[in-house]
Amino acid sequence: MSTTAGFELKIMATNWGWEGTLDAYCAKAKKEGYDGIEIWWPMEAAGQKELFDALKTHGLEVGFLCAGHQPEFEPHFELFKRMTEAAATNSVQRPLYINCHSGRDYFSFEQNTKLLEFTRGLASRTGLTICHETHRSRMLFAAPVARHYLESDPDLRVTFDVSHWCNVSETLLQDQAATLDLTLQRVDHIHARIGHPEGPQVSDPRAPEWKAAVDAHFAWWDVVVARKKREGRRLTILTEFGPPDYMPTLPYTRQPLGDQWAINAYMMHVLRSRYA
C-alpha cells in the first residue's frame, strides 16, 4: 500500500462508559498509547475548562461529538447549530474533527438537509473536518437511506460506523456493494466497532466465532485507509466498543461478558499495526 507524504493516522479513545474523572481518563488513554480522545462538546464553561485542562496536562488531541436531542425539529436544529458552532470556533484547542449525530431518522429529508447545509458552511469558514455519522436513529441510519443523502450532496463527509448498518439491514451488507463503494469515498473518520447482522457490537472481536464480521469490517476500513494514503491526508479512527447494554451481559447479574477497555485497547494496537 503506497503512502503519499501527508498521511497520518490518529487513533482516539472513547470515554463512553468511563466512571472516573476526566483527568484520570485522559491519563489512562495517554498511557495506553492513544493520540487523543473523542468526547461530547461540553456546553457549560466549567466542563470546558475541565476538559481543556486535562487535554493540556496529558498532551492529547481531541475530536468533538455534537448533536441535537429534542424530538421536534426546530429546537433540535437550534441546539445542533449552537453546539457545533461552539465546538468548531473555541479558542482553546482546535479539534481534529467534529463528529455529528445528525438529525433524526423520522425528520424529513428537507429538514435533515438543513443540518448538512449548516455544517457545510461551518466547515468552509473554519477549515475543519465535519462528518456525519452512520448511526441508528439519525439521518444516516441505514445504507439505502444514506445513499439518497450522499447522491444529493457531494460535500457530505461521513463518520463510518458501519456496525449500525449491519444491524439495521440484518446482513454484512453483501447485497449493497454499490452503496458501500459510494460511502467509502466520503469517509474521513471511522468508528471502529464491529457489528453483526443481529446487533451493533460483537461480544469480543478476538473470539473466532466473529471472524466473518471482523474480516468484513477490516475490508471496508482497508479501502478508506488506502484512499487516505494515496491522497496524503489524515485519517482519524475511534475505538468504540461500548459498555452495557452495547456490551452483552449475563442475565440477572448484568456482569459484562468482556472488558471494554481491554477490547478497545486491543483494537487500537491492531489498527496501528495494520495501518500506521
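Report on the accompanying structure. This is a predicted model, so every value here is computed, not measured. (Residues numbered from 1 in each chain as written. Predicted model: local features only at pLDDT ≥ 70, side-chain atom pairs only at ≥ 80, totals over all residues. Heavy atoms only, no water.)

### Description of the overall build of the protein chain
Reasoning step 1: What the protein chain contains, in helices and strands, is 9 helices and 8 strands.
Reasoning step 2: Here the C-alpha atoms of the protein chain give a radius of gyration of 18 Å, agreeing with the 19 Å that 2.2 N^0.38 yields for 276 residues.
Reasoning step 3: Along the first, second and third principal axes, the C-alpha atoms of the protein chain reach 50 × 45 × 45 Å.
Reasoning step 4: Classification of the 276 residues of the protein chain by burial places 54% in the buried group.
Reasoning step 5: Contacts spanning at least 24 positions in sequence make up 76% of the contacts within the protein chain whose residues lie at least 6 apart. (Helix = DSSP H or I, 4+ residues; strand = E, 2+ residues; numbered from the N terminus. Rg over C-alpha atoms; globule rule 2.2 N^0.38 Å. Buried < 20%, exposed > 50% of the residue type's maximum accessible area, 1.4 Å probe, protein only. Contact = heavy atoms within 4.5 Å.)

### Concerning the nonpolar core
Reasoning step 1: Core analysis: the largest hydrophobic core is formed by 75 residues, its most contacted members being Ile 37, Phe 160 and Trp 221.
Reasoning step 2: Considering each element in turn, this core owes the most residues, 8 residues, to helix α8 (residues 211-231).
Reasoning step 3: Filtering out sequence-adjacent residues up to four positions away, Trp 221 remains in contact with Phe 160, Ile 190, His 191, Ala 192, Arg 193, Ile 194, Met 267, Leu 271 and Tyr 275. (Core = buried A, V, L, I, M, F, W, Y, C linked by side-chain atoms within 4.5 Å.)

### Focus on the sheet that holds strand β5 (residues 130-133)
Reasoning step 1: Within the closed barrel, the 8 strands sit side by side as β1-β2-β3-β4-β5-β6-β7-β8. Their pairing is parallel. For this sheet, the mean inter-axis angle between neighbouring strands, taken without regard to orientation, is 30°.
Reasoning step 2: Pairing analysis gives 3 bridges linking strand β6 (residues 158-160) to strand β7 (residues 187-191), with the strands arranged parallel. Bridged to Phe 160 within β7 is Ile 190.
Reasoning step 3: Sitting on the sheet, helix α4 (residues 109-126) touches β4 (97-101) and β5, and the angle it makes with β5 is about 155°.
Reasoning step 4: Sitting on the sheet, α8 touches β6, β7 and β8 (234-239), and the angle it makes with β7 is about 140°. (Pairing = 2+ DSSP bridges. Axes fitted to C-alpha atoms, helices over the stretch in contact; angles between N-to-C directions.)

### A look at the environment of Lys 114
Reasoning step 1: Following the sequence through the fold, Lys 114 ends up in helix α4.
Reasoning step 2: Along the sequence, Lys 114 and His 191 sit 77 residues apart, while their C-alpha atoms lie 24 Å from each other.
Reasoning step 3: Once you skip the residues sitting within four places of it in the chain, Lys 114 turns out to touch Phe 73 and Phe 77.

### Section: the pattern of salt bridges
Reasoning step 1: One pass over the full model with this rule turns up 19 salt bridges.
Reasoning step 2: Between Lys 49 and Asp 53 there is a salt bridge, with its nearest N and O atoms 2.7 Å apart. Remark: Asp 53 and Lys 49 occur in helix α2 (residues 45-58); sequence separation between them is 4 residues, near one turn of the helix.
Reasoning step 3: Lys 49 sits in the exposed class, given a relative accessible area of 55%.
Reasoning step 4: When its relative accessible area of 38% is taken as the criterion, Asp 53 is described as partly exposed.
Reasoning step 5: A salt bridge links Arg 193 to Asp 161, with the nearest nitrogen and oxygen atoms 3.0 Å apart. Placement of the pair is Arg 193 in the loop between β7 and α8 and Asp 161 in the loop between β6 and α6 (162-169), with a sequence separation of 32 residues.
Reasoning step 6: Residue Asp 161 is classed as buried on the basis of its relative accessible area, which comes to 0%. (Salt bridge = Lys/Arg side-chain N within 4 Å of Asp/Glu carboxyl O.)

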